[in-house]
Amino acid sequence: MAGSMLVWSVYAKGRKQSQPRAVVHHMAEQPDKLEILDVLWASEADGTRLPVFRDDAAGRLRASEQHRAAALVDALPTRGGARGGVRGGVLDEAAVDDAFLAVHLELARLSEFVHVPQRMAQSLRPVVERLRESAEGPVRVVDLGCGIGYDTRILAATGALGPGVEYVGLDFNALLVDAARRLAHLEDIDVRFLVGDALDPELSMEDPDRTLVVSSGVLHHLGRDNLAPFFAQTARSGVAAFAHFDVDPGPWANVGAWVLHQTRMREPISRHDGSMSMRRAFTAKELLAHASLGVGAAYDLRCDEVTNLYPRPEQIVRPIIGLRRDLGDVP
Ligand SMILES: C[S@@+](CC[C@H](N)C(=O)[O-])C[C@H]1O[C@@H](n2cnc3c(N)ncnc32)[C@H](O)[C@@H]1O
């Protein structure tokens, strides 16, 4: 609730009373649920990995009433196979790595199935074109929370955004960044992958005027309380544009996502986390409210609702796009 109060008080200063009430009401109804991978990884700010105790990880899930998810964590091995001991023992890093890679490979297959990179390219092309018109020199696309870099690698490999585009992927999970680097090397794709925090991505932005920040499936991971600060950070960095893609929640989307994850994914963690993403995702209205709170009048914003009754799978992932005001309206 502390986060709700923060959003409420900032809203109350700058905006009409009718808007924030709806946001606070929604937050009170929806306790934060967790994805299993979220509780299996801990690191220092510089990316150094920290040990994760099994009871702590499972306990976080039980605290949000996710007992089946907690049981999956209970089943993971601990270092040296020790059972019990201090806080249930430290989770075995190799087993956790296997789980992360298996889930992210399945996620890549799902992205391929629902055409996420193509969907991204379709929305990003006009934005990149606008940056090309505004000045000379390469445009840099920075993919925050890139995971194993599937989307960025496909965009780069297919030249989907045209010539003169540099690609950088950033994730705070060093294991995934390492896998992204290896895959890009094997595929001979020119993308740089860095370990870093999406909430503080300065290191990947050398020239804000030529930078487009993107992400896919990350906003719901940041959590409601971090959304407005995340967008505010973007405004402070002064990047030319951003486009954050995430699933559009809704009753049909929830059912569709459940079916899609049950049929297309094999890993129990993938199935759980994939369906949970839908429950954690934000509506277009919420995204616009948090984004405008974060960026103020500095960016033109657009986030389209999915309005048809039976959305196609590729429609379920949609962007919130922001273009710096001096560059015009979102194309
Ligand atoms: C659902 S995965 C999406 C991965 C990839 N974008 C894709 O579409 O396949 C979410 C990713 O966001 C990363 N992530 C979450 N919060 C982050 C943060 N604050 N900074 C950097 N990465 C973050 C996670 O490590 C994970 O790789």
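Residues numbered from 1 in each chain as written. Predicted model: local features only at pLDDT ≥ 70, side-chain atom pairs only at ≥ 80, totals over all residues.

Draft legend 1. Quick look at the overall build of the chain. Along its length, the chain carries 14 helices and seven strands. For the chain, the proportion of its 331 residues judged to be buried stands at 43%. The long-range share in the chain, meaning contacts at least 24 apart out of those at least 6 apart in sequence, stands at 74%. (Helix = DSSP H or I, 4+ residues; strand = E, 2+ residues; numbered from the N terminus. Buried ≥ 20, exposed ≤ 12 C-beta atoms within 10 Å, placed from the backbone. Contact = placed C-beta atoms within 7 Å.)

Draft legend 2. Up close: the sheet that holds strand β6 (residues 299-303). If you walk across this open sheet you meet the seven strands as β3-β2-β1-β4-β5-β7-β6, and the pairing is mixed. The two strands at the open ends of the sheet, each matched to only one other strand, are β3 (192-195) and β6. Strand-to-strand twist in this sheet, taken as the mean axis angle between neighbours without regard to direction, amounts to 20°. Of the pairings in the sheet, the one linking strand β4 (residues 211-216) to strand β5 (residues 241-247) comprises five bridges and is parallel in character. Opposite V213, over in β5, you have F242 as the bridge partner. Against the sheet, helix α9 (residues 174-187) engages β2 (165-171) and β3, with an angle of about 170° to β3. (Pairing = 2+ DSSP bridges. Axes fitted to C-alpha atoms, helices over the stretch in contact; angles between N-to-C directions.)

Draft legend 3. Up close: the site of the ligand. Near the ligand you find 19 residues, and of these G145, G147, F172, A198 and G217 are the closest. Breaking the shell around the ligand down by element, the ones donating at least two residues are α6 (93-113), α8 (150-158) and α10 (219-222). Of the residues belonging to the shell around the ligand, the class tally is nine nonpolar, seven polar and three charged. (Near = placed C-beta within 6 Å. Nonpolar A, V, L, I, M, F, W, Y, C, P; charged D, E, K, R; others polar.)

Draft legend 4. How the structure looks around the confidence of the model for the chain. Taken over all residues, the pLDDT of the chain has a mean of 86, while the share at 70 or more is 88%. Predicted confidence in the chain is weakest over helix α1 (residues 2-14), with a mean pLDDT of 28, and strongest over α8, with 98. (pLDDT = per-residue confidence, 0-100.)

Draft legend 5. Local environment of helix α7 (residues 116-134). Look at α7: 27 Å from first C-alpha to last across 19 residues, which is about the 27 Å you get at 1.5 Å a residue. Taken as a whole, α7 carries its principal kink of about 35° at L124; the proline P126 stands between one and four residues after it. If you check which residues of α7 are buried, you get V116, P117, R119, M120, L124, V127, V128, R130 and L131. (Expected span 1.5 Å × (residues − 1). Bend = angle between axes of the 7 residues up to and from the residue.)

Draft legend 6. The nonpolar core, seen in detail. Residues L40, V127, L212, V214, A241 and A243 are the most contacted members of the largest nonpolar core, which totals 85 residues. Once you skip the residues sitting within four places of it in the chain, A243 turns out to touch S123, L124, V127, L212, V214, P319 and I321. (Core = buried A, V, L, I, M, F, W, Y, C linked by C-beta atoms within 7 Å.)

Draft legend 7. Geometry of the environment of F231. Note that F231 resides in helix α11 (residues 224-237). Look at F231 and you get buried, because 26 C-beta atoms sit within 10 Å. For F231 and L287, which are 56 residues apart along the polypeptide, the C-alpha to C-alpha distance reads 10.0 Å. Setting aside its immediate chain neighbours within four residues, F231 contacts H290, A291, G294 and V295.

Draft legend 8. Region of interest: the packing of α6 against helix α13 (residues 268-280). α13 packs onto α6 with a crossing angle of 60° between their chain directions and a minimal axis gap of 9 Å. The pairing of α6 with α13 is recorded here as oblique in orientation. Between α6 and α13 lies a crossing whose hand is right-handed. Contacts between α6 and α13 involve A99, V103, E106 and L107 from the former and I269, S270 and D273 from the latter. (Parallel < 35°, antiparallel > 145°, perpendicular 65-115°, else oblique. Left-handed = near helix turned anticlockwise from the far one by under 90°.)

Draft legend 9. Here's a closer look at the environment of Q118. In this fold, Q118 is placed in helix α7. For Q118, a count of 16 C-beta atoms within 10 Å translates into the label partly exposed. As a C-alpha pair, Q118 and L155 span 37 residues in sequence and 8.0 Å in three-dimensional space.

Draft legend 10. Fine view of the packing of helix α12 (residues 251-264) against α13. Running from N to C, α12 and α13 point in directions that differ by 165°, and their axes come no closer than 9 Å. With respect to α13, the element α12 is oriented roughly antiparallel. As α12 packs across α13, the resulting crossing turns out to be right-handed. Judged by residue contacts, A253, N254, A257, W258, H261 and Q262 of α12 engage S270, R271, G274, S275 and M278 from α13. Of the residues belonging to the contact of α12 with α13, the class tally is four nonpolar, six polar and one charged.

Draft legend 11. Region of interest: unusual backbone geometry. Phi at E65 takes a positive value of approximately 65°, unusual for a residue other than glycine. In this structure, D188 is a non-glycine residue whose phi angle is positive, near 60°. With respect to the secondary-structure elements, D188 resides in the loop between α9 and β3. Overall, the presence of 7 C-beta atoms within 10 Å leaves D188 in the exposed class.

Draft legend 12. Inspection of the pairing of β3 at higher detail. Where β2 lies against β3, four bridges are found, and the strand directions are parallel. Within β3, the residue paired with V168 across the bridge is R192. After leaving β2, the chain enters α9 and then returns to the sheet as β3, a path that is right-handed. (Right-handed = clockwise from strand over helix to strand, strands pointing away.)

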